[in-house]
Amino acid sequence: YGDSLVSGMSGDSAAVSKEDVVAEFRRRSLVEAAQRVFGERGFEQATMEAIAEAAGVAKGTVYLYYPSKQAIHDATFAAGMADIERLIQEHVERATTAREAIEAFVTARTEYFQQHPDFFRIYVAEIAREVASGSADRRTCHVAVDRQTRSLQTMIEKAVAAGDMRPVDPESVALTVFDMSKGLVGRRLLIGSKWSVERDAQFLTDLIWAGLAPTRGSKR
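Please read all numbers here as calculations on a predicted model, not as lab measurements. (Residues numbered from 1 in each chain as written. Predicted model: local features only at pLDDT ≥ 70, side-chain atom pairs only at ≥ 80, totals over all residues. Heavy atoms only, no water.)

**Re the overall build of the protein chain**
Argument step 1. When helices and strands are tallied, the protein chain shows 10 helices and zero strands.
Argument step 2. Its helices and strands taken in sequence order, the protein chain reads α-α-α-α-α-α-α-α-α-α from the N to the C terminus.
Argument step 3. Residue burial in the protein chain is summarised as follows: out of 220 residues, 39% are buried.
Argument step 4. Restricting to contacts in the protein chain with at least 6 residues of sequence separation, those with at least 24 account for 65%.
Argument step 5. Accessible surface, the protein chain: about 12,300 Å² in total, of which carbon and sulfur atoms supply 52%. (Helix = DSSP H or I, 4+ residues; strand = E, 2+ residues; numbered from the N terminus. Buried < 20%, exposed > 50% of the residue type's maximum accessible area, 1.4 Å probe, protein only. Contact = heavy atoms within 4.5 Å. Areas by Shrake-Rupley, 256 points an atom, 1.4 Å probe, with all protein chains shown as cover.)

As structure tokens, then:
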């Protein structure tokens, strides 16, 4: 990304672009450090000093990019959700059937959180905070869930229309798969699993698909 942004520019434009790339790299480094700190300590116990130490910079550098602990927490949450949304979309769009799309969705979420357990703790805490705060403050997670499930819902809509799936509500199915995948992730991180991510995802998909597959003779 940095090379493509800078290439082909000269003079002041190139200098500005390089500064932008450096700034973006610094923000990403700070967010990665913040993810570790918030994941390990939670929001209340995390400090800007701890984030600076984890990033290997002075505390003033953190404040240069993020004016408060809430600001860097929000940026950390947004960055993680963007990463997982992109991963889900890439996985689901490669699927050719609704069943494959469900398995791809479960696999993508499970793999991501398995590799980023600190972010999973931030994610669960943010959902709990928004639920506890009342309806007026729930927009962030609501939008994130909608963006994550959109590609899966589209695949399910096509499968229902083609008769490749029972006549179910696509949104409800997508949200149910979302909920069940979160349970799988939590169980794997809490007590582990004797199976690989792929096998766990396949097993869960088999259970889900048993209730969605068209009955004999029902497919158009």
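**Quick notes on the pattern of salt bridges**
Argument step 1. Tallying each qualifying case throughout the model produces 14 salt bridges.
Argument step 2. With its nearest N and O atoms 2.8 Å apart, the salt bridge here joins E85 to R147. With a gap of 62 residues between them, E85 in helix α5 (residues 69-94) and R147 in helix α8 (residues 139-162) connect regions that are remote in the sequence.
Argument step 3. Look at E85 and you get buried, because its relative accessible area is 18%.
Argument step 4. Classification of R147 as partly exposed rests on a relative accessible area of 41%.
Argument step 5. Shared partners join several salt bridges into a network, and the residues in it are R28, E32, D83 and R86. (Salt bridge = Lys/Arg side-chain N within 4 Å of Asp/Glu carboxyl O.)

**Remarks on the nonpolar core**
Argument step 1. Within the largest apolar cluster, 54 residues are counted, with the highest numbers of intra-cluster contacts made by I72 and M165.
Argument step 2. Only α2 (11-45), α3 (48-55), α5, α6 (98-115), α7 (117-133), α8, α9 (170-191) and α10 (197-210) provide two or more residues apiece to this core. (Core = buried A, V, L, I, M, F, W, Y, C linked by side-chain atoms within 4.5 Å.)

**A look at the layout of surface pockets**
Argument step 1. Estimates place the volume of the largest pocket at around 350 Å³.
Argument step 2. Taken together, the elements giving at least two residues each to the lining of the largest pocket come down to α7, α8 and α9.
Argument step 3. The greatest single-element share of the lining of the largest pocket, amounting to six residues, is contributed by α8.
Argument step 4. Of the residues assigned to the lining of the largest pocket, the class counts are six nonpolar, three polar and six charged.
Argument step 5. Space inside the second largest pocket adds up to approximately 210 Å³.
Argument step 6. Lining the second largest pocket are F38, G39, G42, F43, E44, Q70, H73, R121, I122, A125, E126 and R129. (1 Å grid on protein atoms, 1.4 Å probe; cavity = no way out; pocket = protein on both sides within 12 Å on 5 of 7 lines; lining within 4 Å. Points joined across faces, edges and corners; volume = space filled by probe spheres on them. Nonpolar A, V, L, I, M, F, W, Y, C, P; charged D, E, K, R; others polar.)

**Overview of α7**
Argument step 1. For α7, which comprises 17 residues, the first-to-last C-alpha distance of 24 Å matches the rise-based estimate of 24 Å (1.5 Å per residue) to within 8%.
Argument step 2. Of the residues making up α7, those classed as buried are D118, F119, F120, I122, Y123, E126 and E130. (Expected span 1.5 Å × (residues − 1).)

**Observations concerning the packing of aromatic side chains**
Argument step 1. With the rule as written, the count across this model stands at 10 aromatic pairs.
Argument step 2. Aromatic pair F77 and F119: ring centres 6.1 Å apart, planes at 35 degrees, arrangement tilted. A residue pair is termed long-range when its members are at least 10 positions apart, and F77 in helix α5 and F119 in helix α7 qualify at 42 residues. Judged on exposure class, the residue F77 and its partner F119 are both buried.
Argument step 3. Taken together, a centroid distance of 5.0 Å and an interplanar angle of 65 degrees make the contact between F113 and F120 edge-to-face. (Phe/Tyr/Trp six-rings, centres within 6.5 Å; stacked < 30°, edge-to-face > 60°.)

**Some thoughts on the packing of α5 against α6**
Axes are the key here: two packed helices are described by the angle between their axes and the distance separating the axes.
Argument step 1. At a minimum axis distance of 8 Å, the contact between α5 and α6 shows a crossing angle of 150 degrees. For α5 against α6, the interelement crossing comes out right-handed. Counting all contacts with α5, which are made through G80, D83, I84, L87, I88, H91 and V92, the residues of α6 involved are A101, A104, F105, A108, R109, E111, Y112 and F113.
Argument step 2. Residue composition of the contact of α5 with α6, by class: 10 nonpolar, two polar and three charged. (Axes fitted to C-alpha atoms, helices over the stretch in contact; angles between N-to-C directions. Left-handed = near helix turned anticlockwise from the far one by under 90°.)

Functional significance is not addressed by these values, which are geometric in nature.
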